[in-house]
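Take a look at the letters that make up each chain.
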Amino acid sequence: MQDMIRNSIALLIAGAAALFAGPVQAQELGDASRGSALALHTCIACHGVRKGETSVNPLAPPFFAIAESRGMSAMALNVALLSPHRAMPNIMMEPNERADIIAYILSLKSK
Ligand code: HEC
């Protein structure tokens, strides 16, 4: 009986740990190819999405230019995507989608 309780507690802890590990990891390591697909679907209405592509909306900086801007980092992009923009609709994204798009934008950096 004691053993059974101990085992189920151990299982419960392992399960909870797996639950927490998943999303956190996904948020840190976005998938640039998924991000590219998402950006080509959602962001291209305004932004140049592929390297060297100009933006449809002249107010929206192309993604490669965002990637090249000084001090650009995953953290800076995360903040940018979480804060409201004057001229950009607040597009709701899941945290893992945001991470994917960030990974994609940063992949456009030339150095
Ligand atoms: C309806 C047009 C529109 C769409 C769609 C759009 N954006 Fe924007 N975005 C803009 C404009 C305009 C700006 C520049 C002015 C501003 O910051 O509001 C901008 C700025 C940005 C910036 C720079 C913010 C900063 O602080 O420098 C990022 C990053 C960005 N957009 C990412 C995205 C991503 C990722 C998507 C797709 C999920 C997206 N945008 C979709 C119009 C758009």
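Rules used in this analysis
- Residues numbered from 1 in each chain as written.
- Predicted model: local features only at pLDDT ≥ 70, side-chain atom pairs only at ≥ 80, totals over all residues.
- Heavy atoms only, no water.
- Near = heavy atom within 4 Å.
- 1 Å grid on protein atoms, 1.4 Å probe; cavity = no way out; pocket = protein on both sides within 12 Å on 5 of 7 lines; lining within 4 Å.
- Sits in = over half its atoms within 2 Å of the grid points.
- Helix = DSSP H or I, 4+ residues; strand = E, 2+ residues; numbered from the N terminus.
- Nonpolar A, V, L, I, M, F, W, Y, C, P; charged D, E, K, R; others polar.
- Core = buried A, V, L, I, M, F, W, Y, C linked by side-chain atoms within 4.5 Å.
- Buried < 20%, exposed > 50% of the residue type's maximum accessible area, 1.4 Å probe, protein only.
- Contact = heavy atoms within 4.5 Å.
- Donors = N, O, S within 2.8 Å, 3.2 Å for Na, K, Ca; no water.
- Tetrahedral: all angles 85-135°; square planar, octahedral: opposite > 155°, others 65-115°.
- Expected span 1.5 Å × (residues − 1).

Draft legend 1. Structural context of the site of the ligand. Close to the ligand lie 19 residues; Cys43, Cys46, His47, His85 and Met88 are nearest. Of the pockets mapped on this structure, the ligand occupies the largest pocket. Looking at the shell around the ligand, the element that brings in the most residues is helix α4 (residues 74–82), giving three residues. Split into classes, the residues belonging to the shell around the ligand amount to 15 nonpolar, three polar and one charged.

Draft legend 2. Molecular detail of the nonpolar core. Residues Phe63 and Ile105 are the most contacted members of the largest nonpolar core, which totals 14 residues. Within the residue set of this core, elements represented by two or more residues are α3 (63–68) and α5 (95–107). If you tally residues by element for this core, the top one is α5, at four residues. Look past the residues within four positions of Ile105 in its chain and what remains in contact with it is Phe63, Ile66, Ala67 and Leu77.

Draft legend 3. Representation of the coordination of the iron atom of the ligand in the model. Looking at the iron atom of the ligand, the protein donor atoms are His47 (NE2) and Met88 (SD), and they sit 1.9 to 2.0 Å from it. Coordination at the iron atom of the ligand is octahedral, judged from the six donor atoms that bind it and the angles of 87 to 179° they form at the metal. In this pair, His47 sits in the loop between α2 (32–42) and α3 while Met88 sits in the loop between α4 and α5, placing the two residues 41 residues apart along the sequence.

Draft legend 4. Representation of α5. In this model, α5 (13 residues) spans 18 Å end to end at C-alpha, consistent with the 18 Å of a helix rising 1.5 Å per residue. Looking only at α5, the buried set comprises Arg98, Ala99, Asp100, Ile101, Ile102, Tyr104 and Ile105.

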